[in-house]
Amino acid sequence: MAKTALLEKSLEFEEVLTAPSQKPEYLAHSPMGKIPCLEVENAFVSESAAILEYIDAISPEPALFPADPWQAAKVRELVQALPLYIELPARRGYGALRGQDVAAEIKDEIGV
C-alpha cells in the first residue's frame, strides 16, 4: 500500500528491499521490526496506515482519503483489512515466490 501511494502521488522514493527483522539496527527504524518502514528527513514512520496518512499530509493531491467522512472511513477499513485478512494469510505462501516449496495444505488454505 505504501509503495502504491507513493506511485499514485508521483513522489520520488528509493525502494530498499528488506525483510522484517528483530535486529537492533532495524528495530531503531521500525519498533516492531515490521515492513514497510518509511524514512523521512532522518526519521522513520512504520505501519502502513500511518505511512499512508503521512504521505497524504505531505502531498495532498491526489488525495488518498476522500473528503466525505463516511467514504474516508471506508478507505480506512480497507487499509486495516487488507494486511490482516489478505496479506497476513497469503504470507504463508510467499516462499513460492522465491522458488521454495509450499506445503499442499497451506496452498489449499490460502487458495493457491
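Residues numbered from 1 in each chain as written. Predicted model: local features only at pLDDT ≥ 70, side-chain atom pairs only at ≥ 80, totals over all residues. Heavy atoms only, no water.

J.: What is the right way to read the overall build of the protein chain from this model?
T.: In terms of regular secondary structure, the protein chain is built from five helices and two strands. Reading the protein chain from its N end, one meets helices and strands in the order α-α-β-β-α-α-α. Scored against the burial criterion, the 112 residues of the protein chain give a buried share of 21%. Contacts spanning at least 24 positions in sequence make up 30% of the contacts within the protein chain whose residues lie at least 6 apart. For the protein chain, the exposed surface amounts to about 8300 Å²; the carbon and sulfur share of it is 58%. Between the averaged position of the 10 positive side-chain charges in the protein chain and that of its 18 negative side-chain charges there is a distance of 5 Å. (Helix = DSSP H or I, 4+ residues; strand = E, 2+ residues; numbered from the N terminus. Buried < 20%, exposed > 50% of the residue type's maximum accessible area, 1.4 Å probe, protein only. Contact = heavy atoms within 4.5 Å. Areas by Shrake-Rupley, 256 points an atom, 1.4 Å probe, with all protein chains shown as cover. Lys, Arg positive; Asp, Glu negative; His and termini not counted. Charge placed at Lys NZ, Arg CZ, Asp CG, Glu CD.)

J.: Please clarify how the pattern of salt bridges should be interpreted in this entry.
T.: Once the charged atoms of two side chains with opposite charge are near each other, the side chains can pair. Here the structure, examined in full by the defined rule, presents five salt bridges. In this structure, the salt-bridge partner of Asp56 is Lys9, at a minimum N-O distance of 2.8 Å. Separated by 47 residues along the polypeptide, Asp56 in helix α3 (residues 48–58) and Lys9 in the loop between α1 (2–8) and α2 (24–27) bring together distant segments of the chain. A relative accessible area of 14% places Asp56 in the buried class. The residue Lys74 makes a salt bridge to Glu77 at a minimum N-O spacing of 2.8 Å. Highlighted residues: Lys74 and Glu77, both in helix α4 (residues 69–90), separated by three residues, approximately one helical turn. (Salt bridge = Lys/Arg side-chain N within 4 Å of Asp/Glu carboxyl O.)

J.: Before we go on, may I ask you to explain the packing of aromatic side chains in this structure?
T.: To describe a pair of aromatic rings, you give the distance between the ring centres and the angle between the ring planes. In this structure the tally under the stated criterion is zero aromatic pairs. Residue placement shows Arg76 over the ring face of Phe65; its charged tip is 4.4 Å from the ring centre. (Phe/Tyr/Trp six-rings, centres within 6.5 Å; stacked < 30°, edge-to-face > 60°. Lys NZ or Arg CZ within 6 Å of the ring centre and 35° of its normal.)

J.: Can you help me understand the side chain of Ser21 in this one?
T.: Relative to the elements of secondary structure, Ser21 occurs in the loop between α1 and α2. What makes Ser21 buried here is its relative accessible area of 15%. Setting aside anything within four residues of it in sequence, one finds Ser21 in contact with Tyr26, Leu27 and Gly33.

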